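So the chains spell out like this:
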Amino acid sequence: AQKITQTQPGMFVQEKEAVTLDCTYDTSDPSYGLFWYKQPSSGEMIFLIYQGSYDQQNATEGRYSLNFQKARKSANLVISASQLGDSAMYFCAMLASGGSYIPTFGRGTSLIVHP
Amino acid sequence: NAGVTQTPKFRVLKTGQSMTLLCAQDMNHEYMYWYRQDPGMGLRLIHYSVGEGTTAKGEVPDGYNVSRLKKQNFLLGLESAAPSQTSVYFCASSYRTGKGNQPQHFGDGTRLSIL
């Protein structure tokens, strides 16, 4: 069975500082993908970043980077230089071959950026 | 480019009424999904489809039915609405995920209240 755990229900960060949102996953499959999505208060789900299980380097997309530690089964999202617009819910998700590549989502982390 | 469009955006039903939520995508995606989002529960998969004419149950399928008669459309039906089905419903679509590397594209959600 595939499982995603996000242990931080809520996080606070000062504007312009970096913040790390935790995500651990559980799968026995060798092939899988890990994703982060952002859900602002307006409600839409926005794809942020992807990491493949065979990727040698951590994924980066602008101010977003994914700290992928395969042995620890963690895929933490790092947001550098936080902005007020980063305040949102953040969801970690996984696609794995054993789950027929049907997505499994974590329960999310609420991030609030203070000015 | 519309992406994923959900209809309606809001709806209030009485217990026992029926309704259909419509999802349409114009990206030629093979996979389509219906989720419900409740506070503190993240996204839970109701049903999904890996192609035209095929559907499968997700994590919380009871009380819902789906149909995918055309590749671009995925319908979610509530035959006899119950207050427990009050939620925000999201439709998503993606390309075939043979390597687990395809992100999902989400609609804006449907806020459904059952009285």
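Look above for the structure.
Residues numbered from 1 in each chain as written. Chains lettered and ligands numbered in written order. Predicted model: local features only at pLDDT ≥ 70, side-chain atom pairs only at ≥ 80, totals over all residues. Heavy atoms only, no water.

Peer 1: Can you help me understand the overall build of chain B in this one?
Peer 2: Summing up its helical and strand segments, chain B has zero helices and 11 strands in all. Across chain B, helices and strands are ordered from the amino to the carboxyl terminus as β-β-β-β-β-β-β-β-β-β-β. The globule rule puts the C-alpha radius of gyration for 115 residues at 13 Å, and the 13 Å found for chain B is close to it. Buried residues in chain B amount to 49% of all 115 residues. Relative to all contacts within chain B whose residues are 6 or more apart in sequence, the contacts with residues 24 or more apart total 55%. Total accessible area on chain B stands at roughly 5,500 Å², and carbon and sulfur atoms take up 51% of it. Side-chain charges of chain B comprise 12 positive and 8 negative groups, with the mean position of each set lying 2 Å from the other. (Helix = DSSP H or I, 4+ residues; strand = E, 2+ residues; numbered from the N terminus. Rg over C-alpha atoms; globule rule 2.2 N^0.38 Å. Buried < 20%, exposed > 50% of the residue type's maximum accessible area, 1.4 Å probe, protein only. Contact = heavy atoms within 4.5 Å. Areas by Shrake-Rupley, 256 points an atom, 1.4 Å probe, with all protein chains shown as cover. Lys, Arg positive; Asp, Glu negative; His and termini not counted. Charge placed at Lys NZ, Arg CZ, Asp CG, Glu CD.)

Peer 1: Just checking my understanding: could you explain the interface of chain A and chain B for this structure?
Peer 2: Reports of interface size often rely on the accessible area that becomes lost once the parts have come together. Facing 19 residues of chain A, the contacting portion of chain B comprises 20 residues. Buried area between chain A and chain B, summed over both chains or domains, comes out near 1,600 Å², and the portion from carbon and sulfur atoms is 62%. Along the contact surface separating chain A from chain B lie two residue pairs in polar contact (both at pLDDT 80 or more). Elements with a contribution of two residues or more to the side of chain A that touches chain B: strand 5 (32–39), strand 6 (46–52) and strand 10 (88–96) of chain A. Of all the elements, strand 5 of chain A adds the most residues to the side of chain A that touches chain B, at five residues. For the side of chain A that touches chain B, the per-class residue count stands at 12 nonpolar, five polar and two charged. (Buried area = accessible area lost by both parts, 1.4 Å probe. Polar contact = N/O pair within 3.5 Å; in protein donor to acceptor, adjacent residues only side chain to side chain. Nonpolar A, V, L, I, M, F, W, Y, C, P; charged D, E, K, R; others polar.)

Peer 1: Whenever I open this one, the state of the cysteines confuses me. Can you help?
Peer 2: What makes a disulfide is a covalent bond joining the sulfur atoms belonging to two cysteines. All names here are of chain A. With the rule as written, the count across this model stands at two disulfides over all chains. A sulfur-sulfur distance of 2.0 Å marks the disulfide that ties C23 to C92. The disulfide joining C23 to C92 has a torsion of about -65° about its S-S bond and is therefore left-handed. On the criterion of sequence distance, the pair formed by C23 in the loop between strand 3 (19–21) and strand 4 (24–26) and C92 in strand 10 is long-range, its members being 69 residues apart. Judged by its relative accessible area of 0%, C23 falls in the buried class. We classify C92 as buried; its relative accessible area is 0%. (Disulfide = S-S within 2.5 Å.)

Peer 1: Is there a simple way to think about the packing of aromatic side chains in this case?
Peer 2: Here a ring pair, both rings aromatic, is described through the centre-centre distance and the interplanar angle of the planes. Residue and element names in this part refer to chain B. For the coordinates displayed, the defined rule picks out 15 aromatic pairs over all chains. With a centroid separation of 6.4 Å and 70° between ring planes, the pair formed by Y31 and Y33 is classed as edge-to-face. Considered together, Y31 and Y33 belong to a single accessibility category, that of buried residues. Ring centres of F90 and F106 lie 6.4 Å apart, and the angle between their planes is 85°; on these two criteria the pair is classed as edge-to-face. Placement of F90 in strand 9 (residues 87–94) and of F106 in strand 10 (residues 105–106) is noted, with a sequence separation of 16 residues between them. Assessed through its relative accessible area of 10%, F106 is described here as buried. (Phe/Tyr/Trp six-rings, centres within 6.5 Å; stacked < 30°, edge-to-face > 60°.)

Peer 1: How should I be thinking about the sheet that holds strand 3 (residues 19–25) of chain B in this particular structure?
Peer 2: The strands making up a sheet are joined through hydrogen bonds of the backbone, oriented either antiparallel or parallel. Residue and element names in this part refer to chain B. Read across the open sheet, the four strands follow the order 1-3-8-7; overall the sheet is antiparallel. Edge strands, defined here as strands with exactly one partner in the open sheet, are strand 1 (4–7) and strand 7 (64–67). Taken pair by pair, the neighbouring strands of this sheet meet at an average axis angle of 20°, ignoring direction. Of the pairings in the sheet, the one linking strand 3 to strand 8 (residues 73–78) comprises six bridges and is antiparallel in character. Counterpart to A24 in the pairing with strand 8 is N73. (Pairing = 2+ DSSP bridges. Axes fitted to C-alpha atoms, helices over the stretch in contact; angles between N-to-C directions.)

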